[in-house]
Each structure stands twice: as structure tokens, then as C-alpha cells.
Amino acid sequence: EFQPKRRGRDDDYSASVTSFLKVVANKIASGGSAHTNAPLSGGDEPLLEGFRRRYPMDDRAFEYLCQQREDVRRKAVETFRPKFEGEADYSSL
């Protein structure tokens, strides 16, 4: 499970998501998976859009997420968790 090291309020998770995607992709690739890049299926779009709403990111980071293999996208969406989520106010962290 990924937890960004940054403390405080995150209005943009672009760097954290991109770094996490690279880690997930490398772990999956080292396992010898033969999956190829797959275009988004109809079932992936709502999942990825929901992830983007929950963890705001710029267009470039979102495009990077969408270009990943299906197994990488799913693993990233299912396991990405910032260290401090659900706080009413992040300013004092």
C-alpha cells in the first residue's frame, strides 16, 4: 500500500500518483506478467474518473494513468492511499 511522504494538504496528487504507477508497473513487470497495454474499457472509465475526483491530478498524470496496462491501473486505484486522508483540515499536519 502506497502512502505519500508529504504531510499537509494535497490539492494535487499528480506527482504521488505518477510515482506510484511507476512502482506498481515495475512490480507487476518483474513478476513476468504478459499483459499488454489495453485501452480503457467501459468499466474502467467510471473507476478512473472516481479516482481522479478523490485524488485530484493534472491532465498529464491522468493520461499517464489511463495509458497503463489494465492490471496496473486496477492495482494502483485499489491500493493508492495517502497517509492522511479524510481529515477535515489538513493545514495543521
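## Things to note about the pattern of salt bridges
Okay, so step 1: According to the stated counting rule, one finds four salt bridges in the structure shown.
Okay, so step 2: Between aspartate 44 and arginine 73 there is a salt bridge whose closest N-O contact spans 2.8 Å. Of this pair, aspartate 44 sits in helix α2 (residues 44-54) while arginine 73 sits in helix α4 (residues 70-79); the two residues are 29 residues apart in sequence, bridging distant segments of the chain. Taken as a pair, aspartate 44 and arginine 73 share a single burial class, namely buried.
Okay, so step 3: Ionic pairing is found between arginine 52 and aspartate 59, a salt bridge with its closest N-O pair at 2.5 Å.
Okay, so step 4: If you follow the salt bridges from partner to partner, you end up with Asp44, Arg73 and Arg74 in one network.

## Details of the nonpolar core
Okay, so step 1: Ranked by size, the top nonpolar core spans 19 residues in total, and within it Val17, Phe51 and Phe80 carry the most contacts.
Okay, so step 2: Those elements giving two or more residues to this core turn out to be α1 (14-30), α2, α3 (59-67) and α4.

## What about the packing of α1 against α4?
Okay, so step 1: Relative orientation of the contacting elements α1 and α4 amounts to 125°, with a least axis distance of 9 Å. Between α1 and α4, the angle falls in the class oblique. Like other packed secondary-structure pairs, α1 and α4 cross with a definite hand, here right-handed. Across the interface between the two elements, Phe20, Leu21, Val24, Ala25 and Ile28 from α1 touch Asp71, Val72, Lys75, Ala76 and Thr79 from α4.
Okay, so step 2: Taken together, the residues that form the contact of α1 with α4 break down as seven nonpolar, one polar and two charged.

Scoring rules and cut-offs
Residues numbered from 1 in each chain as written. Predicted model: local features only at pLDDT ≥ 70, side-chain atom pairs only at ≥ 80, totals over all residues. Heavy atoms only, no water. Salt bridge = Lys/Arg side-chain N within 4 Å of Asp/Glu carboxyl O. Helix = DSSP H or I, 4+ residues; strand = E, 2+ residues; numbered from the N terminus. Buried < 20%, exposed > 50% of the residue type's maximum accessible area, 1.4 Å probe, protein only. Core = buried A, V, L, I, M, F, W, Y, C linked by side-chain atoms within 4.5 Å. Axes fitted to C-alpha atoms, helices over the stretch in contact; angles between N-to-C directions. Parallel < 35°, antiparallel > 145°, perpendicular 65-115°, else oblique. Left-handed = near helix turned anticlockwise from the far one by under 90°. Contact = heavy atoms within 4.5 Å. Nonpolar A, V, L, I, M, F, W, Y, C, P; charged D, E, K, R; others polar.

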